[in-house]
Amino acid sequence: MDHMKIDLHMHSLHSPDGEFSPSELMDRCRAAGVSIASLTDHNSVRGVAEAAARGRELGLTVLPGVELDCDCKGVPMHLLGYGFTGLDAAMGKIEADLYRQEREAGALRMRKVKELGIAFDEEKVEALAAASFVGLITPEMIAETFLADPRNANNPLVRRYLPGGPRSDSPFVNFYWDHCGPGKAAYCPIRYIGFEEANGLIREHGGFSVIAHPAVTVGRDEALFQYMAACGVEGIEVWCGYHSVEDAGYYAAVAARHGLIPTVGSDYHGKTKPGVKLGAVSGSPDHAALSESVRAWL
């Protein structure tokens with residue numbers, strides 16, 4: 001894991017699975033040696049102004065950012081947006097719709113996890129949600145609850161996420177990807193906007209769109225990368241907290257083939273992803289070149 005000075009992908013408590021306030025996050029960026037940052041909360045820009053204000057106090061360069069859940073030709077994906085202005089009203093409508101859907105999905109998600117054969121107290125999950133800033137039940141909260149439940153000590157499904165298990169590096173989010181992500185047994189469908197709408201929204205407000213952590217969403221669908229580039233996507237997240245060195249090499253080549261700007265971001269959340277650290281990715285991003293690209297988006 002190489003230390004870096006740029007981190008363009010992180011989440012605050014304005015994301016359902018984020019831990020820290022925007023100001024606290026900027027403090028942590030400073031401590032981690034990150035000098036150019038972007039707060040990219042899930043489908044929300046509520047924390048952008050606070051992050052920018054605290055960043056100025058600390059001498060950081062903070063780029064307005066957001067991470068939009070969307071669907072591209074049937075493939076669920078995340079699209080990062082940077083450098084936009086005046087996006088608050090449009091994002092408020094999207095955020096309200098998704099909040100309503102996620103509230104309705106909470107009980108169903110817990111039932112589906114129990115059907116996997118995992119024991120946990122729903123009241124404890126609900127208490128975690130109530131104590132969070134956003135107030136939604138997330139798969140990560142369910143995982144946090146059942147991993148602390150002694151009834152699961154010998155559950156082979158759960159042991160994978162306990163200390164020493166093959167998925168114990170970031171157990172909460174790994175559980176999400178393994179069992180609650182699209183196509184998985186405990187998946188609860190949420191109706192997201194289309195890629196075209198998400199991309200258009202960012203571009204219409206003067207921003208730049210970037211494909212987030214493609215290794216865990218788009219995969220290696222070359223036709224999809226070509227389509228998104230033709231639609232005006234500016235970049236692709238090459239160096240990411242989820243990407244291996246081999247992944248970074250592959251997506252750097254994708255960027256070169258399609259004229260996309262390679263970007264770097266940890267996708268830091270705090271306790272829900274303990275294996276992901278601010279300012280740390282696999283590979284060796286060229287910070288000097290990336291800095292020039294980022295400053296062009298300010």
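Computed from a predicted model, the values in this text were never measured in an experiment.

A. Geometry of the domain arrangement of the chain. In terms of domain boundaries, the chain breaks down into domain 1 (6-94 + 191-296) and domain 2 (102-180). Just the C-alpha atoms count here: the centres of domain 1 and domain 2 sit 26 Å apart. Of the roughly 1,100 Å² buried where domain 1 meets domain 2, counting both sides, 67% is carbon and sulfur surface. Contact with domain 2 buries surface across domain 1, with Pro-16, Lys-271 and Thr-272 losing the most and accounting together for 39% of the total. Taken together, domain 1 and domain 2 are joined by 1 salt bridge. Summed over the shared surface of domain 1 and domain 2, the number is 3 residue pairs in polar contact (both at pLDDT 80 or more).

B. Representation of helix α8 (residues 195-204) within the structure. Within α8, burial applies to Phe-195, Ala-198, Asn-199, Gly-200, Leu-201 and Ile-202. On the buried face of α8, the contacting elements are β4 (61-72), β5 (75-82), α3 (88-115), β6 (193-194), β7 (208-211) and α9 (222-230). Gly-206 lies just past α8 and shows a positive phi near 75°.

C. Local environment of the layout of surface pockets. Approximately 980 Å³ is the volume attributed to the largest pocket. As for the largest pocket, its lining consists of 47 residues, of which His-42, Asn-43, Asp-69, Glu-102 and Tyr-192 are closest to the centre. Contributing elements (two or more residues each) for the lining of the largest pocket: β4, β5, α3, α5 (139-147) and α7 (171-180). Counting residues per element, the lining of the largest pocket draws most heavily on α3, at 5 residues.

D. Quick look at the pairing of β5. With 6 of 8 residues buried, β5 lies mostly within the body of the structure. Alignment of β4 against β5, held across 8 bridges, turns out to be antiparallel. Looking at the pairing, Cys-72 lines up with Val-75 of β5.

E. Layout of the UniProt feature "domain: Polymerase/histidinol phosphatase N-terminal" (unreviewed entry) in the chain. Following the UniProt record, the feature "domain: Polymerase/histidinol phosphatase N-terminal" (unreviewed entry) maps to residues 6-72 here. End-to-end, the C-alpha atoms of residues 6-72 are 28 Å apart, and along that stretch the chain is 33% helix and 27% strand.

F. Representation of the packing of α3 against α5. Close contact between α3 and α5 brings their axes to 10 Å; oriented N to C, the two are set at 45°. As summarised for this structure, α3 and α5 are arranged oblique, according to the angle between their axes. Note that α3 runs across α5; the crossing there is right-handed. The residues of α5 that touch α3, namely those facing Arg-109, Met-110 and Val-113, are Pro-139, Ile-142 and Phe-146. Here the contact of α3 with α5 is built from residues that sort into 5 nonpolar, no polar and 1 charged.

G. Structural detail: the packing of aromatic side chains. Throughout the structure, instances matching the rule amount to 8 aromatic pairs. Geometrically, the ring pair formed by Phe-146 and Phe-175 is edge-to-face, given 4.9 Å between the ring centres and 75° between the ring planes. Taken together, the positions of Phe-146 in helix α5 and Phe-175 in helix α7 put the pair 29 residues apart, joining distant regions of the chain. Exposure remark for Phe-146: the relative accessible area of 1% places this residue in the buried category. Take Phe-175: its relative accessible area is 0%, and that puts it in the buried class. The ring of Tyr-227 carries the charged tip of Lys-73 above its face, separated from the ring centre by 4.2 Å. In this structure, Arg-160 is placed above the aromatic ring of Tyr-161, and the distance from its NZ or CZ to the ring centre is 5.9 Å.

H. Unusual backbone geometry, seen in detail. The phi dihedral of Asn-43 falls on the positive side, at around 55°, and the residue is not glycine. Tracing the sequence through the fold places Asn-43 in the loop between β3 (36-39) and α2 (48-58). Its identity is not glycine, yet Lys-73 carries a phi of approximately 55°, on the positive side. One can find Lys-73 in the loop between β4 and β5. For Lys-73, a relative accessible area of 58% puts it in the exposed group.

I. Looking closely at the pairing of strand β8 (residues 235-240). The buried fraction of β8 amounts to 6 of the 6 residues, a majority that puts the element mostly inside the structure. Here 2 bridges tie β7 to β8, and the two strands are oriented parallel to one another. Bridge pairing in β8 links Ile-211 to Ile-236. This β-α-β element, β7 to α9 to β8, shows right-handed connectivity. With 5 bridges joining them, β8 and strand β9 (residues 261-265) adopt parallel strand pairing. Its bridge partner being in β9, Trp-239 is matched across the sheet by Val-264. Tracing the backbone out of β8, into helix α10 (residues 245-258) and back to the parallel element β9 gives a crossover that is right-handed.

Cut-offs applied
Residues numbered from 1 in each chain as written. Predicted model: local features only at pLDDT ≥ 70, side-chain atom pairs only at ≥ 80, totals over all residues. Heavy atoms only, no water. Domains from an automatic or database assignment. Buried area = accessible area lost by both parts, 1.4 Å probe. Salt bridge = Lys/Arg side-chain N within 4 Å of Asp/Glu carboxyl O. Polar contact = N/O pair within 3.5 Å; in protein donor to acceptor, adjacent residues only side chain to side chain. Buried < 20%, exposed > 50% of the residue type's maximum accessible area, 1.4 Å probe, protein only. Helix = DSSP H or I, 4+ residues; strand = E, 2+ residues; numbered from the N terminus. Contact = heavy atoms within 4.5 Å. 1 Å grid on protein atoms, 1.4 Å probe; cavity = no way out; pocket = protein on both sides within 12 Å on 5 of 7 lines; lining within 4 Å. Points joined across faces, edges and corners; volume = space filled by probe spheres on them. Pairing = 2+ DSSP bridges. UniProt positions renumbered as here; feature names shortened; annotations may be inferred. Axes fitted to C-alpha atoms, helices over the stretch in contact; angles between N-to-C directions. Parallel < 35°, antiparallel > 145°, perpendicular 65-115°, else oblique. Left-handed = near helix turned anticlockwise from the far one by under 90°. Nonpolar A, V, L, I, M, F, W, Y, C, P; charged D, E, K, R; others polar. Phe/Tyr/Trp six-rings, centres within 6.5 Å; stacked < 30°, edge-to-face > 60°. Lys NZ or Arg CZ within 6 Å of the ring centre and 35° of its normal. Right-handed = clockwise from strand over helix to strand, strands pointing away.

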